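Topology and contacts: notes
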Amino acid sequence: MSTESWKSARNAVVLIACLLAGWQALYWFAGEIAMRPPLATLRYTANLVTTDAFWPHLSETMRAFAIALAIAVAVGLLTGFWLGFHSLSRQVFEPMLVAIYSIPKITLYPVLLLAFGLGMPAKIAFGAIHGIIPVALFTINAVRNIKPILIKTGRVHRLGPLDMVRSILFPAALPEIFTGFRVGFSLTLIGTLLGEMFAAQRGLGYLLMTAIGLHNVDLIMAVTLLLIVFAAVVSTLLLAIDRRLHRRSV
Amino acid sequence: MSDAHVSLRDVTKVFPAANGGEGLHALGPVDLDLGKGEFFAVVGPSGCGKSTLLEVIAGLTPASAGTVEFEGWRVDADIPDGIGVVFQEDACFPWLSVEQNIAFGLRKTALAADAKQRRVRDVIDLMGLGDFAKSYPAQLSGGMRQRVCIARTLVTQPRLILLDEPFGALDQQTRLLMGDEVLRLWRQTGATVFLITHALDEATMLADRIAVMSARPGRLIDVVQTNWPRERDSRIVERAEFGAITARLWKTLREESLKTMALKGAGQAAEPA
Amino acid sequence: MSRITLYRVGVIAAAVLLLELLCYVRVIDRITMQPPHQIVRDLFVILASGKQNAAILKTLSNASIALSLAIVVGILAAVALHGYRTVRETLDPLFATYYAVPIFAFYPLLIVLFGLGDAPQIGIGFMLGVVAVIVNTLNGLDRVPRVLRKTARIQRLGTIETALKVALPCAAPYVLTGVKFAVAYSLIGIIGAEFIMSRGGMGYEISFAYNNFDNATMYPLILLILIVSISINATLSWWEKVLLARRGL
Ligand SMILES: Nc1ncnc2c1ncn2[C@@H]1O[C@H](COP(=O)(O)OP(=O)(O)OP(=O)(O)O)[C@@H](O)[C@H]1O
Ligand SMILES: [Mg+2]
């Protein structure tokens, strides 16, 4: 193993150990009515994932999230490329995207409920509107920041439009676009989960919301743990790829 | 302890390697004494350790071995009072106006507000920035920004001024005129000046003594005395000795520069970003 | 007015008109949404009657407390963390994961810890906002040119003075980006918490109105939140632009 990956493995272990220690300490401080210690939570979670009632929730969430992410990436990339290359549209629309990005989208859930009804479409929409804008904004930047000298080099080598995209534009913009994807991933996930919390009757978000309503501490802790582990594993992976892509570019 | 204004003994700098391997020997050993009020210039090939030498003298970087003394006190990675530095890179604060940039130097000086203001005003006029006092650095040309940095240094009235290629960004004519300006300031303030430059004619025109540095690790391989009168300006280039001194500097420097070029060819990057 | 601004106004006007039209021809029915002019009128009615003033005040003041805490703590934490590379590398995965996790899951815990008052909601708003400030401030501090830090040393500035007079002013545009995110996140935290469990505030009123099909209350309140967050964002963006223009960017 290279020193680099050894170091990040060590960092991960240290971080997890610190978080677990902090968790345990908080438990001693807050007590049984507020939370469960790590070990009890792990045990409960292990139990939870073996029950039949759990899997439909998980698969529902994953399906909604996958569709929302696909929509966010597709629409975000298209918007981003369009605005990145078309200067007038960018000047008109980019500030609007930034403004919409800054809206606390959680306030819109009743509107989405009224528009889509309770269920799958509402939470997909909620996930997608969280993810589209970061993907679009990062893509705009990526396209805009391609160095003109690279494009000129491509022209000097007499590349056709397709070759130009494949061997110059896309590789040059990729690191930044990937960062957009990484942020889009996080925000689409939280969007989908919030959609489930407020606008669904199935899924992990719904499970969490019910647990909060019933003050079922075991279930709150277990669902949160699962969500954190999933998000952490994927984000850390994406972050590593992101770093590698960025290190390559000057 | 010597009675020199600045004195370096066996000064060496080795930058430790990031992964604990063999470090990068950038400088030394260097022995050097600067007299009070002397104008001393250093020339050397790119990447030979000139900026490193300056930073060691200023106390910005501790020497790996050897000692630096300023006015009889040890300089040891602690910036002494009475030193001013103009860096190679643009060091203007982009969020402050020209005036505020220059006044920044006087933050701690125990002066009344109007006295401070007068001093700032004087330096602004001296550096010919009068029309731009309220401008922000981004609105100025590279040369004017460098003048702001010089002004910010001068306003503190330092007794030792360290200049790291301050005219690197300027065209030849402006350089010569700025050279005159620096000579005038030097005479007026009586400060000791330590100037790094890559322009041989500039060094010859300005300095009392000129040191040539070797390729990395930088050592002083030749020191040339110019014997110019204290009252002098850029017209000194017309003198016969001027050509002779420049030629002697170039003879020594050429070999060293060739060494650096060969090193670079072997994949050794020496150029700062 | 520039051509771009004209286009922008045109696009927004067209969108509003389209909504009006869709409502008018009943493609969007009245139970789903009121036409825009009606929402604006209802908003004036609500503001004039003062019925919702307590809720609006509660939400906005809680959000501004959470925001202020997030800014102060976030900047302090970033300045403290900046020098420690290993600590930062260790924390990076946490920061990268942070906004993918529903922080609201910690709301019940905060209620147990802080009681049923405003504190747990402010806690959620703070928790959501603070990481955005930390991450962006760190990003800005990383970009302070080395020569400016050297200048600070030559001018014999101490650690605190260097942070206050050189590093943070230099990083200001990035800090401002963090603050913009924190505005949105503190509002999300407060309003989301009010949706979940509270006895007042705009989030509570919105979900109460939703459950009672009271669109005349729900939509104006939503509109008000949008107006508040967009205008704060626009103000900060304008300030950011001034700072950057000063630097020729
Ligand atoms: N902080 C540092 N860490 C490691 N190596 C350094 C550091 N600063 C400088 N060096 C190395 O020390 C050598 C001398 O650098 P220095 O900046 O002193 O050269 P210079 O003579 O000023 O060059 P130039 O004329 O290009 O400004 C170079 O090889 C450089 O890469
Ligand atoms: Mg240098």
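Just so it is clear, the model here is predicted, and its values are computed rather than measured.

**Thoughts on the overall build of chain B**
A tally of helices and strands in chain B yields seven helices and 10 strands. When its C-alpha atoms are laid out on the principal axes, chain B stretches across 55 × 50 × 40 Å. In chain B, buried positions account for 53% of the 273 residues. At a minimum sequence separation of 6, the contacts of chain B that also span at least 24 residues come to 69%. Charged side chains in chain B number 31 positive and 35 negative. The centres of these two groups are separated by 1 Å.

**Thoughts on the domain arrangement of chain A**
All names here are of chain A. As far as domains go, chain A holds domain 1 (1–35) and domain 2 (37–249). A straight line from the C-alpha centre of domain 1 to that of domain 2 covers 26 Å. With eight residues of domain 1 at the contact, the number on the domain 2 side is eight residues. Between domain 1 and domain 2 the total buried area reaches about 670 Å² when both faces are included, carbon and sulfur atoms providing 72% of it. Our count for the contact surface shared by domain 1 and domain 2 stands at one residue pair in polar contact (both at pLDDT 80 or more). Taken together, the residues of the side of domain 1 that touches domain 2 sort by class into six nonpolar, one polar and one charged.

**A few points about the interface of chain C and chain A**
Listed by partner, the interface residues are 51 residues for chain C and 57 residues for chain A. Interface of chain C and chain A: buried area, both sides summed, is about 4,500 Å²; carbon and sulfur atoms make up 80% of it. On the chain C side of the interface with chain A, the three residues burying the most area are Ala-100, Pro-102 and Tyr-210 of chain C, jointly 12% of the side's total. The closest approach of N and O atoms between Arg-243 of chain A and Asp-92 of chain C, which form a salt bridge, is 2.6 Å. Counting the contacts that link chain C with chain A gives four residue pairs in polar contact (both at pLDDT 80 or more). Secondary structure elements with two or more residues in the side of chain C that touches chain A: α1 (3–24), α4 (85–98), α5 (107–114), α8 (159–196), α9 (202–211) and α10 (215–246) of chain C. Top contributing element to the side of chain C that touches chain A by residue count: α4 of chain C, with 10 residues. Considered class by class, the residues forming the side of chain C that touches chain A number 37 nonpolar, nine polar and five charged.

Cut-off values and rules
Residues numbered from 1 in each chain as written. Chains lettered and ligands numbered in written order. Predicted model: local features only at pLDDT ≥ 70, side-chain atom pairs only at ≥ 80, totals over all residues. Heavy atoms only, no water. Helix = DSSP H or I, 4+ residues; strand = E, 2+ residues; numbered from the N terminus. Buried < 20%, exposed > 50% of the residue type's maximum accessible area, 1.4 Å probe, protein only. Contact = heavy atoms within 4.5 Å. Lys, Arg positive; Asp, Glu negative; His and termini not counted. Charge placed at Lys NZ, Arg CZ, Asp CG, Glu CD. Domains from an automatic or database assignment. Buried area = accessible area lost by both parts, 1.4 Å probe. Polar contact = N/O pair within 3.5 Å; in protein donor to acceptor, adjacent residues only side chain to side chain. Nonpolar A, V, L, I, M, F, W, Y, C, P; charged D, E, K, R; others polar. Salt bridge = Lys/Arg side-chain N within 4 Å of Asp/Glu carboxyl O.

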